[in-house]
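Summary of the model geometry
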Amino acid sequence: MFLSESLAIASACCIALSGMLIAELNGRVDVVRLARWQMLAAFAMTAAASLAVGGWRALEGWQVSLLLLSGVAGIIIASTTYFAAIYAAGPRVTALLFSLTSPIALALGYLFLGETITARQGLGIACVLAGVAMAIGRPRRYGGAGKGMPSVSIDAPLPHGTPVAPSRTFTVGVVLGVITAVGQAVGTLLARPAMAAGVEPFTAMAVRSGIAAIFFAALLLVPLAALNKPYRFSTTDLGIAVGSAFFGTGLGMSLLMAALAAGSVGIVSTLSSMTPVVILPMVWLRTGVAPSPAAWAGAALAVAGTGLISL
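The structure reproduced in this document is the subject of the present report.

**Brief notes about the environment of Gln-121**
Structurally, Gln-121 is set in helix H6 (residues 119–136). By relative accessible area, Gln-121 is classed as buried at 18%.

**Some thoughts on the nonpolar core**
Formed by 64 residues in total, the largest nonpolar core has its most connected members in Leu-34, Leu-67, Phe-83 and Met-257. Ranked by the residues each element gives to this core, the list is headed by helix H1 (residues 3–23), at 10 residues. Sequence-distant contacts of Phe-83, that is, excluding residues within four places in its chain, are made with Ile-22, Val-31, Leu-34, Ala-35, Gln-38 and Met-39.

**Structural notes on helix H9 (residues 235–260)**
Here H9 contains 26 residues, and its C-alpha end-to-end distance of 35 Å stays within 8% of the 38 Å for a straight helix at 1.5 Å per residue. The axis of H9 is deflected most strongly, by about 35 degrees, at Ala-245. Its side-chain oxygen 3.3 Å from the backbone nitrogen of Thr-236, Ser-234 forms the N-cap of H9.

**Quick look at the environment of Thr-169**
Note on placement: Thr-169 falls in helix H7 (residues 167–196). Note: C-alpha distance between Thr-169 and Ala-85 (84 residues apart in sequence) is 9.4 Å.

**Some words on helix H11 (residues 275–287)**
When the terminal C-alpha atoms of H11 are compared, their 18 Å separation across 13 residues agrees well with the 18 Å that a helix rising 1.5 Å per residue should span. At Pro-281, H11 shows its strongest bend, of approximately 30 degrees. The first or second residue beyond H11 is Gly-288, which carries a positive phi of 80 degrees.

Parameters at a glance
Residues numbered from 1 in each chain as written. Predicted model: local features only at pLDDT ≥ 70, side-chain atom pairs only at ≥ 80, totals over all residues. Heavy atoms only, no water. Helix = DSSP H or I, 4+ residues; strand = E, 2+ residues; numbered from the N terminus. Buried < 20%, exposed > 50% of the residue type's maximum accessible area, 1.4 Å probe, protein only. Core = buried A, V, L, I, M, F, W, Y, C linked by side-chain atoms within 4.5 Å. Contact = heavy atoms within 4.5 Å. Expected span 1.5 Å × (residues − 1). Bend = angle between axes of the 7 residues up to and from the residue. Polar contact = N/O pair within 3.5 Å; in protein donor to acceptor, adjacent residues only side chain to side chain.

Read these as spatial facts, not as claims about activity.
Shown next as structure tokens:
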């Protein structure tokens, strides 16, 4: 398997784990506060890594400009709606909607970058997307998850037996998930030229998360109650948020930037959108209940599609 494809799949695994961690904060930490914590943590991690490898020294002005714009679309907008979608629709449904990044990125890459795709790769992409959809299946609810875990939903593995969201909230979550996919696709497209020019991945993510960290920190100065809700600080909540930032915005997105440096926007976006597949064993571990046979069949189909893309 080519390096870029491997990095993209690793990115999907990290983002899946991050989504599971974010779901644990539903009802405890509001979206704006979570985004602020995540972006500050992600910037600190990626900036430190960039300094360690000397990535800052190779940056050029045009690359910084593109990465900043990519950060606005792919981090400030997409990450915020991603968190909100997980809260409203659950991590598995949000992960499925995140897979829309692939066809959107394909269309944008074709229109603006002149990228092409072979028939075999196109079939592989179709298999991956079909497998992702099959792996999600219909939302189901399980009780008595075992291992001392409370009753949880397979779509939203939340503590304390939190019920599946009402239909109106779920619809809002779906809309937010689509916005997330569009923002991520635009952010990927904007970052592609800089990454192709050899920008170090941790440095790219430091620039992208840095502009987001500044934005969410500045919101503290805005006198709106909706942006600064009352909160009783918890080190546990902060630890979960920082952990999700490490696996998601930090490591996961850095792996995605590295994949973009050597791969096609559409193919890399497709493989990194396999989060709904790799999240299945995580849900199994979290709930103690095995996903349905259809979910595993979808995962197998996605793996077959990956083979068609990579060979």
